[in-house]
Structure formats: structure tokens, C-alpha cells
Amino acid sequence: MRIKFWGTRGSIPTPGRHTIKYGGNTSCVEVRTAAGELIIIDAGSGIRNLGISLMKEDFGKGSGEGHILFSHTHWDHIQGFPFFVPGLTPGNHFALYGENKADKRLEDTLAGQMEHPYFPIRLRDMASEMEFVEVKNGDRFSIGSAEVLARSLNHPNGVFGYRISADGRAFAYASDTEHYPDRVDEAILEIAMNADALAYDSQYTPEEYGKKVGWGHSTAQEGLKVAEKAKVKRLILFHHDPTRSDDAIDEILENCKKDASEMGLNIEIIAAYDGLEISL
Amino acid sequence: MAMKIRFWGTRGSVAVPGPSTLKYGGNTSCVEVCTDGGTEIIFDAGTGIRALGLSLMDTPFGEGRGEGHILLSHTHWDHINGFPFFLPAFIKGNRFTIYGGRHSDKRLEEILAGQMEHSYFPVLLEDMEAEIKYVELQNDQSFAMGDAEVKAKYLNHPGGSFGYRLNVGGRSFVYATDAEPYHRPLNRGGVNLRGQEQDEIDRKVSDLIADLEGETIDFVRGADILVHDCQYTAEEYESKVGWGHSTYDDAIRIASAGDAKHLIAFHHDPARSDEDLDRIVEEYRDALAGRGESLIFSAAYEGWEIDI
């Protein structure tokens, strides 16, 4: 399968000269299977550019079909959806997967960001056909040739990590998750075990994390622990803090590589950037 | 000098990071005005307010001794979604007054709290530790903030929007974004009226439009700086009628009619690249010069500071 990162930033988009290399759009990752299924993970501001690109395909003619997996509904994972042009185009079909809360279904939460007085166009006015699919912790389901596993990870108000297996390869997405002090999260191990690539929440440096305990994010170094234990082939540092400049991300990547070699861990480590493409 | 103006976010709709927006900036609406008398005024809280907040942390706001006024044009996302990332609002001791309109069934405070509910954001509005007061405005309301006199005026935008005029020490600054002109008679075609009836309706509609536009022109009259919605080109506008935004030509018409001195195009469409804006600025400057108009025309860019 092929993975393309359209948004790699956490919290809030960060335009400007200091983020040109890694990008400033919030979370959005495109996964394509060899059979052609389109699976999108999260709809941060990066999904706007993905949408523009999809309009050159069947989606521009209103005959596209896509699947969107939501890790959770914090702003940086949904804020691009109202600007996702294929979603506004009649004839396209989308299945949207995520958690229903006791008081709010996924559909209600997405509709909530498009209510007056916050946005002029309502979710129901998006002209594509949308089908909402409830996901629960531990669910396994098929999307065409792909198998998906969803596991609850550690984040305020909840989050899903996803494992997507297709074409004999596996991609794990574990963004917005905080590590435990005494153990590697079993749920992350389950989605990441033997994965060809793991996108991991690397929002904080170990020093910063001390002041952010309980905020629901992790570090590149904790990503290494997961990668080692789960025998992951590639670790992709993801969900960069909005205060992080390109230089600072370069430094985090270098430190992470050093730490990996000290652990004797021989894996590929990449800092995700808007536009990064990987074939698994 | 009466006030210093600084642009922190100039974009409309959604933040657009990337190489094509480096010059004019990709952050959504936020403009800061500091008056001579030390009054700190912020127009809108789009993503640009995050960097403004970081910069204020080097001032008394960093020590919890700051006082600021935040004037919201309205509460569409691109005008409020930076607020949860505005650090000075998390510092105990700072005081903010937020001005804006209420919604038919929601108070201004409830609207801002709504974006910080747990399904959307981990920190609640009530957990921001600064003291925050809310002032719900009426159309044409005038009030004072320190040495600044302010007037709020309702603009033509879905759900409504406020424009603001600041007068400080004989200088004037107008912030009028998310505003579509009242210039589209919608009763043309399809209705079989006798000629006389049609003429009568046309006259009434055009009188009403002239009155409404006249109010806007009075509002911007003689402004030293007019920051105005310029989201669309004339061609783009044809498919965006009723979306609540202006074209460059609309803004220039209002500015010229009101004898504004300097029009600054604002709320750039997310699809607009730096190259597009460079070209547009040049074209309109040439056209204004060709007509012998003294109006100065510019496009707002992030980081721009102007003293008036």
C-alpha cells in the first residue's frame, strides 16, 4: 500500500517560514491499497489539499468512493472536513468511522462544527452521500481488500489507534496518545505488532513532557520503546507540536536516531512532513 | 502617531500553511492595535492570535498584569479558533473584555465555550484563568476603551458580522471584514409583472440598497486605514453570491466613496497564492492611478506594522 501524509502537525495549523520543511497542516493521512481503496485517517486542515488533489480523479466527476477513519474529534482532527471539496460534490460516497459518545454520535459532533454561528454551511448540506459507521474498541472490520483494527488509546475524552493491513503489509496510526510510566500500552502493541510503519504521537520532547503529563501526548523516545517491543520496521514521528520549527524537528529526529542506535535498534526513523509519501 | 497596527492573521476561511502563502501569510484573521495611551485592542481571534499571544507574554501579560480588549467581528471559525491557543488568557491576573454579537439562542460566552467543549478540545473556556468579561453589542453602538472611541456597525454576512471603527487622537482605523455589499437586487426575472409595477419595485430596491451602502460609506468616511474584506475576484464572486464576502472592486468602491485614505485588502481566499496577490495589487494600483484616484491600495500581510 501507499501512504501519503497531508497534515502532520498537532493542535493547530502553523503557517509560516519556520514550518516550510515539515508543514503546518493538522493531521490527515491518506492510505491507498493496491486494489485502489482510499482510506483517509483524520480530517485536520491537511484534508483540504487532499480534497483538491482527489478532485482530479473520480471524485471530481462525483463517482468517487472513500473511507474516513477518525481517531477522535478534537479540532485538529476534524477542522479541515468542511473544506473537503469531494465531500461537497454530489455523487461521491464516503463512509465515516469513529466513536459514538454516550451523549453525541460521531455525526452529531461533526455536524456541531458546522452549525450556526460557527460555519455557514451545514453538514447535511454537504452534497456527497455520507454513511456513518460506529467503531468500538477492539473492532475489526474490512474496507475492500484492507483489514482494520481499532484500539482505544490513552487521550483525554478517548482516541482510537488504527492498524490497516492490506497487500501483506501493515500500517499503524497511533496519534494523540500518552504513554504509561511503567509499561508500554498493550493496545498500541496490538496495532503496531510487526507493522511496516508506525506513525506515532511525538508532540513533546522528554523535557517538555514533564510539564504536560495528562495532556494525552507522547515523545519520540516513547515511540522507540513501542517500535522495539512491537518489532516495527519504520517509526514515523507525527503530530508535531505547533511551537516546533523545522530546525527543532530536525533536532528531535537526530536525537531519536541517536537514542535508537544506543538501544541497538536498527529501524528507519522518519519525521513526517506534509507531502511525505511511503510505499510499503 | 496615535496607534500602531499589526497584522497577525490575514487569511479567510481556513489556515493555509505552505510555500505559496509565505509572503502574505496563512493564518486566519487577527489584527492588533496598540494606542498611544497603551490600550491593547485585538480584532478577531483566528489562528493568528496564537503568535500574538506568544509575543504578549514578553509584556505585562506574561506576569498576569495585562489588560486587553478583543473585538470579534463574528464567531465563524476563522475568527475564533485561535482563542483556545491564546496564552495570555490562561494567565491568572490578566483581564480581557470580549465584544461581539450574540446569536439568537446563544450568548457570546456560550458560543466561545462551545468550541472548548470536551468533544472538541481538552481545556474548557472556564479553565482559562484570566478574568474574561463579555459585552454583547448592538448595531451602531458606540463605546470607549481607554483612549479609543469605538463604533460597531452591522455588516452583510450570513449570521451577521460587526465592523468596527476606532477613533484615537484624531486618527481613524476601520476593520470591516466578512461583509458582502448590499448591491444585488434579487427580484429580477421569472415574475410576470406589468412594466409599471416592475419599475416601482426596482426603484424601491435600489433606494434601499443605496441607503444601506450609504451607511457603510459613512462608517468608513475619511478613515486613515480601512481594512476590508477582499476575498473574491469579480469572476469568482459570480458563483459565491450570498456567501457574505466582497470583491476587490466592491471594497475599492466603498473606500473611494467614503474618501478613505488607505484601503488594505484583507481576508484573502485560501486558494489565493502570493503570486496572485502580487498581481492583483499591481493591477488595482495601476487602475487607481489611471483614474487619478488618491486612494492607496495594499494587501494585508502577516507581520506588517503600520503607525498612524
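Residue numbers here run from 1 along each chain, matching the order of that chain's written sequence. The naming scheme follows written order: chains are lettered A onward, ligands numbered 1 onward. Under the rules for a predicted model, residues below a pLDDT of 70 receive no local features and side-chain atom pairs below 80 are neither given nor counted, while totals for whole chains, interfaces and linings still include all residues. With hydrogens and water excluded, all non-hydrogen atoms of the structure serve as input to the side-chain values.

*Asks:* Honestly, the pattern of salt bridges in this entry has me stumped. Any pointers?
*Replies:* Should the charged atoms of two oppositely charged side chains come close, the side chains can pair. Whenever a carboxyl oxygen of Asp or Glu lies within 4 Å of a side-chain nitrogen of Lys or Arg, that contact is scored as a salt bridge. Taken as a whole and judged by the stated rule, the model has 39 salt bridges over all chains. A salt bridge links B:Asp224 to B:Arg171; the shortest N-O distance between them is 3.3 Å. Here B:Asp224, found in the loop between α3 (195-220) and β11 (225-229), pairs with B:Arg171, found in strand β10 (residues 171-176); they are 53 residues apart in sequence, far enough to count as distant. Here B:Lys261 ties to B:Asp224 by a salt bridge, and the two come within 3.8 Å at their closest N and O atoms. Taken together, the residues span a long stretch of sequence, with B:Lys261 in the loop between α5 (248-257) and β12 (262-266) and B:Asp224 in the loop between α3 and β11 at a distance of 37 residues. Each of A:Arg2, A:Glu30, A:Arg32, A:Glu57 and A:Glu277 takes part in salt bridges that share partners, so that together they form one network. By definition, any uninterrupted DSSP run of H or I lasting at least four residues is a helix, any uninterrupted run of E lasting at least two residues is a strand, and each is numbered from the N terminus.

*Asks:* Explanation requested: the sheet that holds β11(B) in the structure shown.
*Replies:* Backbone hydrogen bonds are what pair the strands of a sheet, in a parallel or an antiparallel way. All names here are of chain B. Between any two strands, at least two bridges found by DSSP are needed for them to pair. Across the sheet, which stays open at both edges, the seven strands sit in the order β7-β8-β9-β10-β11-β12-β13 with mixed pairing between neighbours. The sheet is open, and its two edges are formed by β7 (142-145) and β13 (296-299), each paired on a single side. On average, adjacent strands in this sheet sit at an angle of 20° to one another, irrespective of strand direction. Bridging between β11 and β12 involves four bridges; their strand directions are parallel. Directly across from Val-227, in β12, lies its bridge partner Ile-264. Residue contacts follow a heavy-atom distance rule, with two residues in contact if any of their heavy atoms lie within 4.5 Å. Every axis in this analysis is a line fitted to C-alpha atoms, fitted for helices over the stretch in contact. Angles between the N-to-C directions lie between 0 and 180 degrees. Helix-sheet contacts for α5 involve β11, β12 and β13, and the interaxial angle to β12 is about 155°.

*Asks:* Quick question: what am I supposed to make of the interface of chain A and chain B here?
*Replies:* Interface extent is often summarised as the accessible area lost during association of the parts. Each side of the interface is counted separately: chain A has 30 residues, and chain B has 34 residues. The term buried area denotes the loss of accessible surface (1.4 Å probe radius) that occurs when two parts are joined, taken as the sum for both partners. On the chain A side of the contact with chain B, A:Trp75, A:Pro117 and A:Tyr118 bury the most area, a combined 27% of that side's loss. As a salt-bridge pair, A:Lys104 and B:Glu117 come within 3.8 Å of each other at their nearest N and O atoms. Each residue receives one of three labels: charged for Asp, Glu, Lys and Arg, nonpolar for Ala, Val, Leu, Ile, Met, Phe, Trp, Tyr, Cys and Pro, and polar for the others, Gly being one of them. Classifying every residue of the side of chain A that touches chain B gives 13 nonpolar, 13 polar and four charged.

*Asks:* Help me understand unusual backbone geometry, please; the structure alone is not making it clear to me.
*Replies:* Glycine aside, a negative phi is what most residues show, and trans is what most peptide bonds show. Residue and element names in this part refer to chain A. In this structure, the amide linkage connecting His-116 to the following residue, Pro-117, adopts the cis form with an omega of 5°. Of note in this structure, Lys-231 is not a glycine but carries a positive phi near 55°. The residue Lys-231 is located in the loop between α6 (220-230) and β12 (234-238) in this model.

*Asks:* Mind showing me how you'd approach the sheet that holds strand β14 (residues 277-279) of chain A here?
*Replies:* All names here are of chain A. With mixed pairing, seven strands are arranged side by side in an open sheet as β6-β5-β4-β3-β2-β1-β14. Pairing within the sheet leaves two strands with one partner each, and these edge strands are β6 (129-134) and β14. Ignoring strand direction, the axes of neighbouring strands in this sheet form an average angle of 20°. Two strands pair when backbone bridges link them, and strand β1 (residues 2-7) and strand β2 (residues 28-32) are joined in this way by five bridges, in the antiparallel orientation. Bridging across to β2, Arg-2 finds its partner in Arg-32.

*Asks:* Please explain the nonpolar core as it appears in this structure.
*Replies:* Inside soluble globular proteins, nonpolar side chains tend to come together where they are buried. Only buried residues count toward a nonpolar core, which is a set of Ala, Val, Leu, Ile, Met, Phe, Trp, Tyr and Cys residues joined through side-chain atoms within 4.5 Å. Each residue's exposure class comes from its accessible area (1.4 Å probe, protein chains only) as a fraction of the maximum for that residue type: buried when under 20%, exposed when over 50%, partly exposed otherwise. Counting residues in each nonpolar core, the largest one holds 56 residues, and the members touching the most others are A:Ile40, A:Phe81, B:Phe83 and B:Phe86. Listed by contribution, the elements that provide at least two residues to this core are β3 (38-41), α1 (46-54), β5 (93-98) and α3 (106-112) of chain A together with α1 (48-56), β5 (95-100) and α2 (108-114) of chain B. Listed in part, the 33 residues of the second largest apolar core include A:Ile188, A:Ala192, A:Ala230 and A:Ile252.

*Asks:* Could you clarify how one ought to interpret helix α6 (residues 274-290) of chain B in this entry?
*Replies:* Every α-helix winds through 3.6 residues per turn, so residues three or four apart in the chain are directed the same way. All names here are of chain B. Given a helix with a known number of residues, its expected span is that number minus one, times 1.5 Å. The first and last C-alpha atoms of α6 sit 24 Å apart over 17 residues, in line with the 24 Å expected at 1.5 Å per residue. Inspection of α6 places Asp-274, Leu-277, Ile-280, Val-281, Tyr-284 and Leu-288 among the buried residues, and these make up the whole buried set. End-on view of α6: buried residues confined to an arc of 120°, all on one side of the axis. Of the exposed residues in α6, those oriented more than 90 degrees away from the buried face are Glu-275, Glu-282, Asp-286, Ala-289 and Gly-290. Looking at the buried positions of α6, the neighbouring elements they touch are α5 and β13. Just beyond α6, the residue with positive phi is Gly-292, at close to 70°. Arc definition: directions from the helix axis to the C-beta atoms.

*Asks:* What is the right way to look at the environment of B:Pro158 in this model?
*Replies:* Residue position: B:Pro158 is located in the loop between β8 (148-155) and β9 (161-168). For the pair B:Pro158 and B:Glu180, spaced 22 residues apart in the sequence, the C-alpha separation amounts to 9.3 Å.

*Asks:* Teacher, can you tell me more about the packing of α5(B) against α6(B) here?
*Replies:* The description of two helices packed together rests on the angle between their axes and the distance between the axes. Residue and element names in this part refer to chain B. As a packed pair, α5 and α6 sit with axes 12 Å apart at the nearest point and diverge in direction by 40°. In terms of orientation, α5 lies oblique with respect to α6. In the packing of α5 onto α6, the handedness of the crossing is right-handed. Between α5 and α6, the contacting residues are Tyr-248, Asp-249 and Ile-252 on the first element and Leu-277, Ile-280, Tyr-284 and Leu-288 on the second. Looking at the contact of α5 with α6, its residues break down into six nonpolar, no polar and one charged. The labels follow the angle: roughly parallel below 35 degrees, roughly antiparallel above 145, roughly perpendicular from 65 to 115, and oblique for the rest. In this scheme, a crossing is called left-handed if the near helix is turned counterclockwise away from the far one by less than a right angle; it is called right-handed if the turn is clockwise.

*Asks:* Looking at this model, I keep getting lost on a nonpolar patch on the surface. Mind explaining?
*Replies:* A surface patch of nonpolar side chains, about 190 Å² in accessible area, is lined by A:Ile52, A:Val85 and A:Leu88. Along the chain, A:Val85 turns up in helix α2 (residues 85-88). Patch construction takes residues with relative accessible area above 30% that form no salt bridge. Like charges are linked within 9 Å, and nonpolar side chains (Val, Leu, Ile, Met, Phe, Trp, Tyr) are linked within 5 Å. Areas reported as accessible are Shrake-Rupley estimates using a 1.4 Å probe. Residue values count occlusion only from the protein chains shown.

*Asks:* Just checking my understanding: could you explain the pairing of strand β8 (residues 146-153) of chain A for this structure?
*Replies:* Residues in a regular strand project their side chains so that they alternate between the two faces of the sheet. Residues and elements named next belong to chain A. Burial analysis of β8 places six of its eight residues in the buried class, the great majority of the element. Both strand β7 (residues 140-143) and β8 contribute to a ladder of four bridges, which runs antiparallel. The residue of β8 that forms the bridge with Ser-142 is Glu-147. Between β7 and β8, which pair antiparallel one after the other, the connecting turn spans two residues, and Gly-144 there sits at a positive phi close to 55°. Across seven bridges, β8 lies against strand β9 (residues 159-166) in antiparallel orientation. Across the sheet, residue Ala-150 finds its bridge partner in β9, namely Tyr-162. What sits between β8 and β9 in their antiparallel hairpin is a turn of five residues, with Asn-157 showing a positive phi close to 70°.

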